[in-house]
Amino acid sequence: MDGQRCVVIGVGNEYRRDDGFGPAVVSRLEVLRQSDPALAAVELRACDGEPTRLLDLWTGADLAVVVDAVRDGADHGGHRYELVLDELADLADARSASSHGVSLGSTVELGRALGRLPRRLVVLAVGAIEFGFGAGLSPEVAAEVDPVTARIRELVG
């Protein structure tokens, strides 16, 4: 994405087990950036998911990639989801699938109302099961860090 602003936002809390998935992916990208020129200009950020912070991070971006862990109702973790901007609008009125207080769909609708959406928004999420206190991802969620990192490299490349 030469000459375009690209931001990757890892949403979550690394001290709430699987909720640390987003920050773990951002950390992995920071390591890879040292040897990958395609990542040199990509902004890498971590965020707790609070709507105004997300809006601040993605406003003015040509591409914003949000990485998060979600409660998907499955009995196992590790299922990957990829959503684009238009699909997120349908989530605004749905019960929050996020592990955070306000759904991402509601944040997108707020951004739309305020004129603060990126040109393109992609959400990469993984179904998670462990949100208790403590560091470290469950094995199922940890196994998705590299595949999601690879997908981000495709999106920004």
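Data block above holds the structure.
Conventions we followed
- Here the residue numbers are simple positions, counted from 1 along each chain's written sequence.
- With pLDDT at 70 or above as the cut-off, local features in this predicted model cover only qualifying residues; side-chain atom pairs require 80 or more to be listed or tallied, and sums for whole chains, interfaces and linings still use all residues.
- Computation of side-chain values: all heavy atoms of the structure, hydrogens and water removed.
- Definition used for salt bridges: Asp or Glu carboxyl oxygen within 4 Å of a side-chain nitrogen of Lys or Arg.
- The secondary structure listing takes helices from DSSP runs of H or I that are at least 4 residues long and strands from runs of E that are at least 2 residues long, numbered from the N terminus.
- Only protein chains enter the area calculation, which uses a 1.4 Å probe; residues under 20% of their type maximum are buried, those over 50% are exposed, and those in between are partly exposed.
- Here the expected length of a helix is defined as 1.5 Å per residue gap, with one fewer gap than residues.
- The directions from the helix axis to the C-beta atoms form the arc being described.
- The criterion for strand pairing is that DSSP finds at least two bridges linking the strands in question.
- By nonpolar core we mean a set of buried residues, namely Ala, Val, Leu, Ile, Met, Phe, Trp, Tyr and Cys, connected to one another through side-chain atoms within 4.5 Å.
- Throughout, a residue-residue contact means that at least one pair of heavy atoms, one from each residue, lies within 4.5 Å.
- His is not counted, nor are the chain ends; Lys and Arg add positive charge and Asp and Glu add negative charge.
- Polar contact is defined as a pair of N or O atoms within 3.5 Å, subject to the rule that within protein one atom must be able to donate a hydrogen and the other to accept it, and that residues adjacent in sequence are counted only when both atoms are side-chain atoms.

This paragraph deals with the pattern of salt bridges. Following the criterion strictly, the structure yields 12 salt bridges and no others. The residue glutamate 154 makes a salt bridge to arginine 151 at a minimum N-O spacing of 2.9 Å. Of this pair, glutamate 154 and arginine 151 both sit in helix 6 (residues 145-156), 3 residues apart, which is roughly one turn of that helix. With a relative accessible area of 54%, glutamate 154 lands in the exposed category. Relative accessible area serves as the criterion here: at 26%, arginine 151 is assigned to the partly exposed category. By sharing partners, the salt bridges in this structure join Arg5, Glu43 and Arg45 into a single network.

Compared with an ideal rise of 1.5 Å per residue, which puts 12 residues at 16 Å, helix 6 spans 17 Å between its outermost C-alpha atoms and is within 8% of the ideal. Within the sequence span of helix 6, burial applies to Val145, Val148, Thr149, Ile152, Leu155 and Val156. Take helix 6 and look down its axis: the buried residues cluster within an arc of 115°, on one side only.

What follows concerns the pairing of strand 5 (residues 120-127). Counting buried residues in strand 5 gives 7 out of 8 residues, a clear majority hidden from the surface. Note: strand 4 (residues 80-84) against strand 5, 5 bridges, orientation antiparallel. Looking across to strand 5, one finds that leucine 83 is bridged to valine 123.

Formed by 25 residues in total, the largest nonpolar core has its most connected members in Val8, Phe21, Val25, Val65, Val67 and Ile152. Counting only elements with at least two residues in this core, the list comes to strand 1 (6-11), helix 1 (21-33), strand 3 (63-70), strand 5 and helix 6. Ignoring sequence-local partners within four residues, the contact set of valine 8 consists of Val26, Leu29, Val42, Glu43, Leu44, Arg45, Val65, Val67 and Ile152. One finds Leu55, Trp58, Ala61 and Leu104 within the second-largest nonpolar core, a separate group that totals 18 residues.

Along the polypeptide, aspartate 19 turns up in the loop between strand 1 and helix 1. No salt bridge is formed by the buried aspartate 19; the nearest opposite charge belongs to arginine 16, separated by 6.5 Å. A distance of 3.0 Å separates a polar side-chain atom of aspartate 19 from the backbone nitrogen of asparagine 13.

By themselves, these figures tell us nothing about what the structure is for.
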